[in-house]
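These are the residues of each chain, in order.
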Amino acid sequence: VMTGSQDDTRIDAARFAAATQQVIERFIESQSGAITEVADMVVDALGKGGMVQVFGTGHSEAFVMEMVNRAGGLVAANALSLRDVPVDATVSALPGADPSVERTPDLAAAILDGARPHPADLFIIASQSGINGVVVEMARLVTGRGHRLVANPPPSPPSQDAALPPTTIPLTYRRAHLPPAPRP
């Protein structure tokens, strides 16, 4: 949190911590029902021999990285990635090399089939926009095959032939408002 003019910019740690705590409290208050529902879905999937399959492209890959292969993270989780799909014998679908790959719906089936999901697997899809082709197609395929899906935001347009509607955690990002720092 920066306050003041160019000559007087300070970061006030106590005010920043208080504002952050308020955001966390609002999140817990507004999302506790969805968090409980998703936790129950995870327990159900694991209890039936499944795991959590996590997918995201672009900036949403950061969410996938947080869920999978981190110390203290959920061991029964698998990252689904565009990098898992070979475009030809020597090149995978690297989004950094070609950003349009995340808008290519045909890649979703190859990613999903390569994961060989268990019937009880739960899928979590993170997306900044919910409109990229591979994300929308992955959601359609997953629900069409009878898997439970947690998505944020929900895929757009919603799949008309989905066997199960996605459970959506409507996360909202709001800039915390901090009053100006008191002058000494």
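Residues numbered from 1 in each chain as written. Predicted model: local features only at pLDDT ≥ 70, side-chain atom pairs only at ≥ 80, totals over all residues. Heavy atoms only, no water.

Brief notes about the pattern of salt bridges
Short version of the rule: Here, a salt bridge means any Lys or Arg side-chain nitrogen found within 4 Å of an Asp or Glu carboxyl oxygen. Throughout this description, buried means an accessible area under 20% of the type-specific maximum (1.4 Å probe, protein chains only), exposed means over 50%, and partly exposed covers the range between.
This model, assessed by the stated rule, comprises four salt bridges. Arg15 is paired through a salt bridge with Asp12; the nearest N and O atoms lie 3.9 Å apart. Given the relative accessible area of 15%, Arg15 is considered buried. We classify Asp12 as partly exposed; its relative accessible area is 24%.

With respect to helix α4 (residues 133-144)
Under the convention used in this document: Numbering of helices and strands runs from the N terminus, with a helix taken as a DSSP run of H or I at least four residues long and a strand as a DSSP run of E at least two residues long. In a helix, the anticipated span is given by 1.5 Å times the number of residues less one. Should any heavy atoms of two residues lie within 4.5 Å, those residues are considered in contact.
Given a rise of 1.5 Å per residue, twelve residues ought to cover 16 Å, and the 16 Å separating the end C-alpha atoms of α4 matches this to within 8%. In terms of burial, α4 is largely enclosed, as ten of its twelve residues are buried. Listing the buried residues of α4 in full gives Gly133, Val134, Val135, Val136, Glu137, Met138, Ala139, Leu141, Val142 and Thr143. On its buried side, α4 packs onto β3 (52-56), β4 (77-80), α3 (107-115), β5 (122-126) and β6 (148-152). At the exit of α4 stands Gly146, carrying a positive phi of roughly 90°.

Overview of the side chain of Asn132
In this structure, Asn132 sits in the loop between β5 and α4. Among the residues examined, Asn132 registers a relative accessible area of 15% and is labelled buried. Apart from the residues lying within four places of it in its own chain, the contact partners of Asn132 are Thr57, Glu102 and Arg103.

Details of helix α1 (residues 13-47)
As a reminder, the rule being used: One axis fitted to the seven residues ending at a residue, another fitted to the seven starting there: the angle between these axes is the bend at that residue. Here a polar contact is recorded for every N or O atom pair within 3.5 Å, except that within protein the pair must consist of a potential hydrogen donor and a potential acceptor, and residues adjacent in sequence are included only if both atoms are side-chain atoms.
When the terminal C-alpha atoms of α1 are compared, their 43 Å separation across 35 residues is substantially less than the 51 Å that a helix rising 1.5 Å per residue should span. A maximum bend of about 65° is found in α1 at Gln31. All of the buried residues in α1 are Arg15, Ala19, Gln31, Ala34, Val38, Met41, Val42 and Ala45. Of the residues flanking the start of α1, the one acting as N-cap is Asp12, its side-chain oxygen 3.2 Å from the backbone nitrogen of Ala14. Once α1 ends, the next one or two residues include Gly49, with phi positive near 90°.

What to know about the pairing of β3
The criterion, for reference: Note: two strands are recorded as paired if DSSP finds a minimum of 2 bridges between them.
Burial runs high along β3: five of the five residues are buried. Relative to β4, β3 runs parallel, the two sharing four bridges. Residue pairing in the sheet places Val54 in a bridge with Ala79 of β4.

Considerations on the pairing of β6
Each regular strand shows side chains that alternate between the opposite faces of the sheet. This is how the line gets drawn: A crossover gets the label right-handed when its path from the first strand over the helix to the second runs clockwise, viewed with the strands pointing away from the viewer.
Across the five residues of β6, four count as buried, placing the element largely inside the fold. For β5 and β6, the ladder comprises five bridges, and the chain directions are parallel. From the neighbouring strand, Phe123 faces β6, where its bridge partner is Leu149. As a crossover connection, the stretch from β5 through α4 into β6 is right-handed.

With respect to the confidence of the model for the protein chain
For the record, the criterion: Every residue is assigned a pLDDT by the predictor, reflecting its confidence on a scale from 0 to 100.
Mean pLDDT for the protein chain: 76, with 68% of residues reaching 70 or above. Element-level mean pLDDT values for the protein chain span from 49 in strand β1 (residues 2-3) up to 93 in β3. Note on residues 158-164: pLDDT under 50 across the span, and ten contacts to partners over four residues away in sequence or across chains. Overall, residues 168-179 carries pLDDT values under 50, and its contacts beyond four positions in sequence, including any with other chains, amount to 21 contacts.

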